[in-house]
Amino acid sequence: MTTITATKRIIFCDFDGTITVSDNILAVMKHFNPPGWEDLVQQLMDKKLSIRETVGSMFSLLPTAQKEEIINYSISNAVIREGFAEFVDYCREQDITLLVTSGGIDFFIYPLLAPFPIPQEHIYCNSSSFEGSTIEILWPHSCDEHCDNNCGMCKTTIIRSYSPEDYHRIIIGDSVTDFAGAKLVETIFARSHLVDLCKELELPYYPFENFFEIIQRLEEMTPS
Ligand SMILES: [Mg+2]
Ligand SMILES: [Zn+2]
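Read on for a plain summary of the structure. (Residues numbered from 1 in each chain as written. Chains lettered and ligands numbered in written order. Predicted model: local features only at pLDDT ≥ 70, side-chain atom pairs only at ≥ 80, totals over all residues. Heavy atoms only, no water.)

All right, on to the coordination of the zinc ion (ligand 2) then. For the zinc ion (ligand 2), the protein coordination sphere consists of Cys143 (SG), Cys147 (SG), Cys151 (SG) and Cys154 (SG), at 2.3 Å. If you look at the zinc ion (ligand 2), its four donor atoms make angles of 105 to 114° with each other, and the shape they trace is tetrahedral. Each donor residue of the zinc ion (ligand 2) lies on the same chain, and together they follow the pattern C-x3-C-x3-C-x2-C. (Donors = N, O, S within 2.8 Å, 3.2 Å for Na, K, Ca; no water. Tetrahedral: all angles 85-135°; square planar, octahedral: opposite > 155°, others 65-115°.)

This is how it looks when you write it as structure tokens:
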């Protein structure tokens, strides 16, 4: 008897406000408070700036002379959401591909994820350069021709590279930056603003506040 292979599951998991309890970029800006950052956030809200323009401009307000303080603060301030370690283990046991798809920056994401067995090539985020007088953000995962949001790190570009014929695609996220991706996938786990956005568009979603709830739901979804 031949075994029918179940569709492979793949997870696209946001970082800031999802894997971590709060948003690390905003925490850095609030703490170091460079003049002008709040105005940039307002322009993003008013849709006058893209995410890429906003994040790039905000970090360009921070002097690289403060490199150590900025990196140390962003790492020490972050709190990993409950159940994440168990969730990473669960995905490995179940052969679910776990990709971290984040609009955050390498200098805090890699150290914060270092305790977890996630291969580096499964972590998608923006990079940074401390070569100049202020921090420069680099964008190794920009939007493809199907996305004109100027995301910086384009989640939909990554999601589109996995066909729904071969993959059951699952997104986990918390905010507006996950919304375009949520519209593409088969299953949505949402908290915070992403819940409101899903409700508005009547997209079905599973609410979550910790990763134990996600494990539970994935377990119920597992084809037997
Ligand atoms: Mg987020
Ligand atoms: Zn994009």
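Next comes the rest of the write-up.
As a further point, take a negative patch on the surface. Together, Glu82, Glu86, Asp89, Glu93 and Glu213 make up a region of like negative charge exposed at the surface. No other element matches the three residues that helix H5 (residues 84-93) contributes to the negative patch. You can see Glu93 is positioned in helix H5. What makes Glu93 exposed here is its relative accessible area of 62%. (Patch = residues over 30% accessible without salt bridge, like charges linked within 9 Å, V, L, I, M, F, W, Y side chains within 5 Å. Areas by Shrake-Rupley, 256 points an atom, 1.4 Å probe, with all protein chains shown as cover. Salt bridge = Lys/Arg side-chain N within 4 Å of Asp/Glu carboxyl O. Lys, Arg positive; Asp, Glu negative; His and termini not counted. Charge placed at Lys NZ, Arg CZ, Asp CG, Glu CD. Helix = DSSP H or I, 4+ residues; strand = E, 2+ residues; numbered from the N terminus. Buried < 20%, exposed > 50% of the residue type's maximum accessible area, 1.4 Å probe, protein only.)

On to the sheet that holds strand S3 (residues 123-129), then. A sheet is described by the order of its strands in space; here seven strands give the open sequence S4-S3-S2-S1-S5-S6-S7, paired in mixed fashion. A strand with exactly one partner marks an edge of an open sheet, and here the two such strands are strand S4 (136-138) and strand S7 (206-207). Looking at chain direction, strand S5 (residues 167-173) and strand S6 (residues 187-190) are connected through four bridges and run parallel. Bridged to Gly173 within S6 is Ala190. In the packing of helix H6 (residues 106-113) onto the sheet, the strands contacted are strand S2 (97-105) and S3, and the crossing angle to S3 comes to about 135°. Each of strand S1 (8-13), S5, S6 and S7 is contacted by helix H10 (residues 211-221), which is oriented at about 160° to S5, the strand it contacts most. (Pairing = 2+ DSSP bridges. Contact = heavy atoms within 4.5 Å. Axes fitted to C-alpha atoms, helices over the stretch in contact; angles between N-to-C directions.)

From the geometry alone we can't say anything about function, so treat these as descriptive.
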